Amino acid sequence: MKILTLFIAIFIFNHQDITPKYIDSEFQNIENLARKGNYNQFMSRNMSVLKSSKRINYSKGIALSYLNLSYGYSYSRNYKKSFQYLQLAKNAEYAKDNFDFQVNFKRFLGFNYSNIGLYREAINELKEVIVLADDMSADTLRVYTKSSAYCDIAAIYKNQKQLDSCKLYLGKGLNILKNQKKLTPRLQAILLWYSMGLIEVNITEKKIDSATILLQAIEIPSKKILGNNNFRLYKVKGLINCYKKEYDFAIINYQKAIELVKNTHNIVQLQWLYHAMSEIYKQKGDNNSAQKYSKMSAAINEKLIRTKQPEIEKIVQELIIQKESKIETTNQLLLGSLILCTFCLLIFMFFMIRKRDKKKKKFNLKDEETTLLNEKLPIAYEEIIQMAKNNNSEFLTRFQEVYPDFFSSLLNIDPMLLHSELKFCALLFLDFSTKDIATYTFVKPQSIQTRKNRLRKKLNITSDQDIYNWMKNINNAI
């Protein structure tokens, strides 16, 4: 009957007008199949959608179908096909420009890494998803992606027996879901699924009362929503039965879980359940049944190892190549940065040297001017002395040329200084004595002394200051 229903559904689907809108609506139906754990229908429906998407060259439909098929094959531990479809999804045109898809791709990549035991790589991918999810376009998609990434990391830590880290990430994921005002069926499903994960942790820590209370709260909604995925519900019920040594009830619950898990193709969980059944029968003393389930568990385990190892080696090799490529790219960037820094340093040094040379040249020129001035100064000094003695009318003009700052310094102190007073100051600067000044200016010595006293008052020269030194200092201060 199921086969007939599936055939009719596929027949109807193939005779629909294939449009992008119709294909988008089909992904909602596919999501429902995944939520209920209907593995065969989930895979066949995706194959049909992929075929139709290729027919009309609908890149989004092609990319999402590839991604779903990768998830399905990874769930059933067909690692080779899972990674093949994941690569096809990555190369699809839609994947190159759609941010939401790229984030989901990383989540599926982390899921695949986790399934083959590359836990560190899985956690790295999922932690990136947690950060990137904040920029996803739709609220429900962001909540689903982020909470799933947190809980997937928790599952990895659980497999590694790191229960504290497991509970930390599981709590973060569940809190995101619990804080939503309204949960879609998809969000309700993962809330129930990961709540069962929390129950398993509580049982591992022997917190049976907490596990029982939480189980009672989710059992009814779980049966309504999860379908075949309720194998996990019966699994945790069996775990609680085992802890209480209620072995007959444990067997009943595990058998229900086995029937459901077969429909999901989750062979890892099937192997675990076979092993658990074997252990229960050992406790009951039924060695034949214990051996039977032990062989079934061992057969699956051997298959898992046989299919996992080649893919692990292949993926590890690809990761090594990617890492080497990143290192080479990083080295090239560092080399480029080093070359650029060196070039900038050389330019900086060139301009600094050029600036220094200009400054040095300027100083040298100034030194040359000073040297030349010092060489000329004795000659000019003698010339000015002679002009003063001769009472030459050009004396002040020549003095100003040789000592250009002297008169301006005096005028800064007293702008009202007379022409005759400036000349008198010049004679004092030249060390002419009172007698010499009187002789060369044809004035009595007493008058020269009076003029000195008057000049002291005007220029604020105190009586304890030597007027000749004061005149020298006022010129040197400039």
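Residues numbered from 1 in each chain as written. Predicted model: local features only at pLDDT ≥ 70, side-chain atom pairs only at ≥ 80, totals over all residues. Heavy atoms only, no water.

Details of unusual backbone geometry
Phase 1: Unusually for a residue other than glycine, Lys245 sits at a positive phi of about 60 degrees.
Phase 2: Its location among the elements puts Lys245 in the loop between helix 13 (231-243) and helix 14 (247-264).
Phase 3: Owing to a relative accessible area of 62%, Lys245 belongs among the exposed residues under this scheme.
Phase 4: The phi dihedral of His265 is positive, around 65 degrees, even though this residue is not glycine.
Phase 5: Tracing the backbone through its elements, the reader meets His265 in the loop between helix 14 and helix 15 (267-284).
Phase 6: Its relative accessible area of 29% is what places His265 among the partly exposed residues. (Helix = DSSP H or I, 4+ residues; strand = E, 2+ residues; numbered from the N terminus. Buried < 20%, exposed > 50% of the residue type's maximum accessible area, 1.4 Å probe, protein only.)

Here's the deal with the pattern of salt bridges
Side chains bearing opposite charge may pair, as long as their charged atoms lie close to each other.
Phase 1: Summed over all chains, the structure comprises 23 salt bridges.
Phase 2: Close ionic contact of Lys106 with Glu125 constitutes a salt bridge, the shortest N to O distance being 2.8 Å. Here Glu125 lies in helix 8 (residues 119-132) and Lys106 lies in helix 7 (residues 99-115), a separation of 19 residues in the sequence. Of the two residues examined, Lys106 and Glu125, each falls in the buried class.
Phase 3: Across the pair Glu219 and Lys223 runs a salt bridge, and its minimum N-O distance is 3.4 Å. One end of the pair is Glu219 and the other is Lys223, both in helix 12 (residues 208-225) and four residues apart, which spans about a single turn.
Phase 4: Exposure remark for Lys223: the relative accessible area of 44% places this residue in the partly exposed category.
Phase 5: Each of Lys158, Glu200, Arg232 and Lys235 takes part in one network of salt bridges that share partners. (Salt bridge = Lys/Arg side-chain N within 4 Å of Asp/Glu carboxyl O.)

What to know about helix 19 (residues 419-429)
Phase 1: Most of helix 19 is tucked away, with eight of its eleven residues classed as buried.
Phase 2: Looking at helix 19, one finds that the buried residues are Glu421, Leu422, Phe424, Cys425, Ala426, Leu427, Leu428 and Phe429.
Phase 3: Positive backbone phi, at 70 degrees, marks Asp431, one or two positions downstream of helix 19.

Some details on the packing of aromatic side chains
Phase 1: Summed over the entire model, instances satisfying the criterion amount to 23 aromatic pairs.
Phase 2: When the centroid spacing of 5.7 Å and the interplanar angle of 10 degrees are considered together, the rings of Tyr73 and Tyr85 count as stacked. One end of the pair, Tyr73, is in helix 4 (residues 59-75); the other, Tyr85, is in helix 5 (residues 79-91), with twelve residues separating them in the sequence.
Phase 3: A residue is classified by how much of its surface remains accessible, and Tyr73, at 13% relative accessible area, is buried.
Phase 4: On the accessibility criterion, Tyr85 (16% relative accessible area) is buried. (Phe/Tyr/Trp six-rings, centres within 6.5 Å; stacked < 30°, edge-to-face > 60°.)

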